[in-house]
Amino acid sequence: MTKLYFVAGEMSGDTHGAAVMEAIRDRDGGGVEFAGVGGSRMAGVAGQLQIRDWLEDAAVLGLWEVLKKYGYFRREFERVLDEVREWEPDGVVLIDYPGFNLRLAKALQELRSTTKIIYYISPQVWAWNRGRIGKMARMLDLMICIFPFEKALYESSDLRTEFAGHPMVDELGPQRGRFDREGGLVGLFPGSRRREVDQHFGVLLDAAKRLRRERPDTRFVAAAANDAVAGEMERQLADSALKDSDFQVVTGRTHELMERVEVAAIASGTATLEAAFFGLPYCLVYRVAWPTWAVGKLLVRVDYLGMANLLAGREIVREFIHSRRTNE
């Protein structure tokens, strides 16, 4: 029996991890056992007892936010290491989530065990610290990347690398073309996590007020990832005096809305690439705590934040980043 331990710390990683597990199980039948930390989708494939669902606490955004929960992450780091030592898997599959997973890879490599360390969905070190690629090559046994330009970057450091393509193509392909766009309908996508909603939704509501003053017939729909997030969005909406029949909060139908709305404002993250896949015209918004923003400006070495712009090599999607959020 082959044993694989998975680590995913965000909703997107949980989705991709579950898809990988299903693909492995389809190929190898019952010859693989899974364990690890992730979310409900991975637990649905591997079993609730095999996957600990930690996303509510683990999925935080920004350096300052992580520092505030340092004690929690330190305890979880040691707990995951202990689980790997005890279970002795044949491989550990790290999915994105670089702040945690790169440190975990280093600690696992120092154990000198026979467990293979596999990284799926490359951390974007090419944006903020290319010098880490050589260090990663010494820690990892295999990198599986989803963008074609990443393969050459890692292979230049003698890290075995496979380009798998973006999982979005398989996940979203069957959904495209189901709905027509509705004129005058504007989509607001503040993020999938409560903390992202806290950072972005108020700003998006302010923009909606200005747009409603200029175009009173404009209708709005806001996408919520789950009921808890929807409840917080409904509360903010009620406080904004915008709540009426032409402003809805919709839960669990993000991809449908990306096909229906005419234009959108979307928080930076996986959703921006999904919107590009569906051909949705949108602008990107991004707001974090000021300490995170200040450090990010010093570290980031790319011209754009949105992946669509990075892949195109020019700004095809307007980016409203932090201090620009209320000025345009």
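What counts as what
Residues numbered from 1 in each chain as written. Predicted model: local features only at pLDDT ≥ 70, side-chain atom pairs only at ≥ 80, totals over all residues. Heavy atoms only, no water. Helix = DSSP H or I, 4+ residues; strand = E, 2+ residues; numbered from the N terminus. Buried < 20%, exposed > 50% of the residue type's maximum accessible area, 1.4 Å probe, protein only. Contact = heavy atoms within 4.5 Å. Areas by Shrake-Rupley, 256 points an atom, 1.4 Å probe, with all protein chains shown as cover. Polar contact = N/O pair within 3.5 Å; in protein donor to acceptor, adjacent residues only side chain to side chain. Pairing = 2+ DSSP bridges. Axes fitted to C-alpha atoms, helices over the stretch in contact; angles between N-to-C directions. Right-handed = clockwise from strand over helix to strand, strands pointing away. Expected span 1.5 Å × (residues − 1). Arc of directions from axis to C-beta. Phe/Tyr/Trp six-rings, centres within 6.5 Å; stacked < 30°, edge-to-face > 60°. Lys NZ or Arg CZ within 6 Å of the ring centre and 35° of its normal. Core = buried A, V, L, I, M, F, W, Y, C linked by side-chain atoms within 4.5 Å.

**Topic: the overall build of the protein chain**
Item 1. A count of helical and extended segments in the protein chain gives 16 helices and 13 strands.
Item 2. Looking at the 328 residues of the protein chain, the share that counts as buried comes to 49%.
Item 3. Taking as baseline every contact in the protein chain between residues at least 6 positions apart, the subset at least 24 positions apart corresponds to 64%.
Item 4. Surface accessibility of the protein chain: about 16,300 Å² in total, with carbon and sulfur atoms responsible for 50%.

**Structural notes on the side chain of Arg193**
Item 1. For Arg193, the position within the fold is in the loop between strand E8 (185-189) and helix H11 (194-214).
Item 2. Overall, the relative accessible area of 10% leaves Arg193 in the buried class.
Item 3. Of note is the side chain of Arg193, whose polar atom sits 3.3 Å from the side chain of Glu10.

**Considerations on the sheet that holds strand E11 (residues 263-267)**
The strands that make up a sheet are held in pairs by hydrogen bonds between backbone atoms, and each pair lies either parallel or antiparallel.
Item 1. Sheet architecture is open: six strands sit in the order E10-E9-E8-E11-E12-E13, paired in parallel fashion. Of all strands in the sheet, those bounded by a partner on one side alone are strand E10 (247-251) and strand E13 (318-321). Between one strand axis and the next, the sheet turns through 20° on average, direction left out of account.
Item 2. Note: strand E9 (residues 219-224) against E10, five bridges, orientation parallel. Paired with Ala224 across the strands is Thr251, a residue of E10.
Item 3. Contacting E11 and strand E12 (282-286), helix H14 (residues 270-277) crosses the sheet at an angle of about 175° to E12.

**A few points about the pairing of E8**
Item 1. Of all five residues making up E8, five are buried, and the element is well covered by its neighbours.
Item 2. Alternating residues of E8 divide into Leu185, Gly187 and Phe189 and Val186 and Leu188, and every residue in both groups is buried.
Item 3. In this fold, the crossover linking E8 to E9 by way of H11 has right-handed handedness.
Item 4. Bridging between E8 and E11 involves four bridges; their strand directions are parallel. Each residue of the ladder has a partner; that of Val186, found in E11, is Val263.

**Observations regarding the sheet that holds strand E7 (residues 161-163)**
Item 1. Spatially, seven strands are ordered E3-E2-E1-E4-E5-E6-E7 in an open sheet, and the strand pairing comes out parallel. Each having just a single partner strand, strand E3 (51-53) and E7 make up the two edges of the open sheet. Geometrically, the sheet is characterised by an average inter-axis angle of 20° between neighbouring strands, direction not taken into account.
Item 2. Bridging between strand E6 (residues 142-145) and E7 involves three bridges; their strand directions are parallel. Its bridge partner lying in E7, Met143 is registered against Thr161.
Item 3. In the packing of helix H5 (residues 70-87) onto the sheet, the strands contacted are strand E1 (2-8), strand E2 (32-38), E3 and strand E4 (91-95), and the crossing angle to E1 comes to about 175°.

**Quick word on H5**
Item 1. Between its first and last C-alpha atoms H5 spans 26 Å; for 18 residues at 1.5 Å apiece the expected length is 26 Å, and the two agree.
Item 2. By the burial criterion, the buried members of H5 are Tyr72, Phe73, Glu76, Phe77, Val80, Leu81, Val84 and Trp87. With its buried residues spanning 165° around the axis, H5 presents them on a single face. Among the exposed residues of H5, those oriented more than 90 degrees off its buried face are Arg75 and Glu86.
Item 3. A positive phi of about 55° marks Glu88, the residue just after H5.

**Some remarks on the packing of aromatic side chains**
Item 1. Across all of its chains, the model carries nine aromatic pairs by this definition.
Item 2. Ring plane angle 70° and centroid distance 5.2 Å describe the contact between Trp54 and Phe100, whose orientation is recorded as edge-to-face. With Trp54 in the loop between E3 and helix H3 (55-58) and Phe100 in helix H6 (residues 98-110), this pair connects stretches of sequence that are 46 residues apart.
Item 3. Each residue in the set Trp54, Phe77, Tyr97 and Phe100 is aromatic and connected to the rest through ring pairs, giving one cluster.
Item 4. Here Lys69 stacks its cationic end above the ring of Tyr72, 4.9 Å away from the centre of that ring.
Item 5. Here the guanidinium or amino end of Arg176 rests over the ring plane of Phe277, the centre of that ring lying 4.1 Å away.

**Concerning the nonpolar core**
Item 1. Counting residues in each nonpolar core, the largest one holds 44 residues, and the members touching the most others are Phe6, Met21 and Tyr282.
Item 2. Ranked by residues supplied to this core, first place goes to helix H2 (residues 40-46) with four residues.
Item 3. Ranked by size, the runner-up nonpolar core spans 36 residues in total, among them Trp87, Val92, Met139 and Leu140.

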